[in-house]
Amino acid sequence: MTTGGSTPGSPRFGGVSAHRRRANDVTAAAEFDIMGQQHQQDYIQSDHLQAAVDLFSTCTITSQNLHHHHNNNNNNNNNNNNSNNIFPSRKKFLGRNLRRTLLGFLIIVVGFSVFLRVTYTAGGGPLAEMEEEAVSRSWSNAHTLVLRDYTSHVMKAQRVLADIDSSSSSSMPKRVLEKSLDDDNPVPEIWMKPNSSRYYQCITRPRDRSKSSFPTNGYLLVHANGGLNQMRTGICDMVAVAKMMNATLVLPSLDHQSFWTDPSEFKDIFDWRHFIDELKDEVEIVESLPQEYTKVKPFVKAPVSWSKSSYYRGEMKALLRKHKVIQFTHSDGRLVNNGLASSYQKLRCRANYEALRYSDEIESLSRRLIERLRSDGEPYIALHLRYEKDMLAFTGCSHNLTKKESKVLEKMRYNVKHWKEKEINCTEKRKQGGCPMSPREAALFLKAMGYPTNTKIYIVAGEIYGNNSMDAFRKEYPNVFSHSTLATTDELLILNRYQNRLAALDYNVALESDVFAYTYDGNMAKAVQGHRQFEGFRKTINPHRLHFVKLIDQLDAGEISWETFSSQVKTIHKERVGAPYKRQPGPSPKLEESFYANPFPGCICGGSRNKTIRVLPNQRPSHGSSLRSSE
């Protein structure tokens, strides 16, 4: 007994059977149309003989109908026999003779009719002319009907197939060379993304999880500190914190005192209206404090680093209820990577990957740069070459630099008070894998991995430090680009004064690259790596600097050949190209992998895809349709 559920043949069951039937109807109509055109002449030439056969068939059917009618009469007679059983044997005899007589008569009539038909047709008499005219008129009408139905069915089939493509697609957005998987040309291994077919995004907000129905406990002011990507992840944490505290979040203020001293505000870098609208069902976000709270002195607080939700739901919520306005002086690293409820983890990802969209100006220029890089249909590498002055001074790494350049870095390190480590042994730190790759090392690394010398490489970084640092890199890879070489002077006229906006531009170009590689695991590398994993585990190479330094020193010393060097580099990095793996808790939150560097688990799920899938509209350049799965 059924209960009204779907059956495998019904569209509700999946729709595929219905779509296929509709598509097959179109194919059948097309085949009929072609066949009819090929045999139209043959049909007209043989119509005379066919007409005779038709007449014979008609007469035969008539005979069968009479026979059937007579049988019915016999059945009625048999029924009547129950009430009036008179002369049964005589009736049976007469009925059998009558059937034989009628059948013989009909055979004679049919034979005579066929003879006359063939005679008139062969002689080209009036019957032939009438038949030919009728057949021609019938064919013309049928042909018109077929063409009209064929056109209609084609249009319907196109809509059906489009629906099938949009609803049954299970792949993540493709990079340039991945598209040739559909062609006869195989994708070179150096451009292939890791296998991630069993994994999908799972950040859809459950319907029973919405903004609190209770009145807000107060207003949360946040000062996002650090560089762009440090501020970005900190803002996402504060969205989750506001949810925990049942607070109304005011648009965060940005750091103007970091190395770049960029005066940009939130509205200058992000699409703030989209940010508020995207999260409105979960967290209340306002542009500024309401007028009645502007005179309230905020309670200033630096939240404890790597705190759990209980800290914000308890102590911080109580402070908010008491003071009504709280200002957090820091946002980076204020929430644990692991151990949070699933709803908070997903909220962090919705804030990061859906709500935090850059301004229209940055998004538009990003698209143009990506189009220019792909103008010839070839892929490109985005290389985060973190060989910049601030990073080298902070790490104390001066390998391949002159003594004068090294002194400048040392002086800068001592002048920055919050950099605690001052005395650094550059040689030892490099051997331990603690230094960013130099441009020469990065070039040899890419060459050893198999990327040809004509590969286009987009440098994701600020100004590379050192007068001759890039010479060795360009010797191996002359097709080097950056935002300053791809964009026109007019396009960069406004952005050039703001390093955080340029960093946002680089973020988008790196996110959309066919391969992303980074030479040091800083905040941008982590942010882009995690975002690329979320967007389908796009190929991301994470160099093992400790092993690589040993190999390149052996190569420079002549202890190993280039072939051995290249082979070992490939072997070491075979499993370091961005394939799915679960984030594991570490000995302490500070030492474990960042949630934003690897949002799996939390925002990426593995296993069966038999879940509700929704397709979101484009939110980034050339993203295609991203799949969202609800749990």
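Residues numbered from 1 in each chain as written. Predicted model: local features only at pLDDT ≥ 70, side-chain atom pairs only at ≥ 80, totals over all residues. Heavy atoms only, no water.

1. Things to note about the packing of aromatic side chains
By the definition in use, this model includes 18 aromatic pairs. Ring geometry for Phe394 and Trp419: centres 5.4 Å apart, planes at 70 degrees, overall edge-to-face. In this pair, Phe394 is assigned in helix α12 (residues 389-395) and Trp419 in the loop between α13 (403-415) and α14 (426-431), connecting sequence segments 25 residues apart. Residue classification places Phe394 among the partly exposed positions, given a relative accessible area of 41%. (Phe/Tyr/Trp six-rings, centres within 6.5 Å; stacked < 30°, edge-to-face > 60°. Helix = DSSP H or I, 4+ residues; strand = E, 2+ residues; numbered from the N terminus. Buried < 20%, exposed > 50% of the residue type's maximum accessible area, 1.4 Å probe, protein only.)

2. Examining empty space enclosed by the protein
This model, assessed by the stated rule, comprises four cavities of 30 Å³ or more. For the largest cavity, the calculated volume is near 90 Å³. Lining the largest cavity we find 13 residues, and of these Arg430, Cys435, Pro436, Met437 and Glu441 sit closest to its centre. Of the residues in the lining of the largest cavity, the class split is six nonpolar, four polar and three charged. (1 Å grid on protein atoms, 1.4 Å probe; cavity = no way out; pocket = protein on both sides within 12 Å on 5 of 7 lines; lining within 4 Å. Points joined across faces, edges and corners; volume = space filled by probe spheres on them. Nonpolar A, V, L, I, M, F, W, Y, C, P; charged D, E, K, R; others polar.)

3. Some words on the nonpolar core
Membership of the largest hydrophobic core comes to 80 residues, with the highest contact counts inside it found for Leu220, Phe266, Phe275, Tyr312 and Phe328. Per-element tally for this core: the top contributor is helix α6 (residues 228-245), with 11 residues. When sequence neighbours within four positions are dropped, the list of residues in contact with Leu220 reads Met238, Val241, Ala242, Ala247, Thr248, Leu249, Val250, Ile326 and Phe328. Core analysis: the next-biggest nonpolar cluster, separate from the first, contains 45 residues, Ile190, Ala442, Leu551 and Val569 among them. (Core = buried A, V, L, I, M, F, W, Y, C linked by side-chain atoms within 4.5 Å. Contact = heavy atoms within 4.5 Å.)

4. A closer look at the confidence of the model for the protein
On average, residues of the protein carry a pLDDT of 77, and 67% of them reach 70 or more. The low-confidence segment residues 609-631 (pLDDT under 50) makes 79 contacts with residues lying over four places distant or belonging to another chain. (pLDDT = per-residue confidence, 0-100.)

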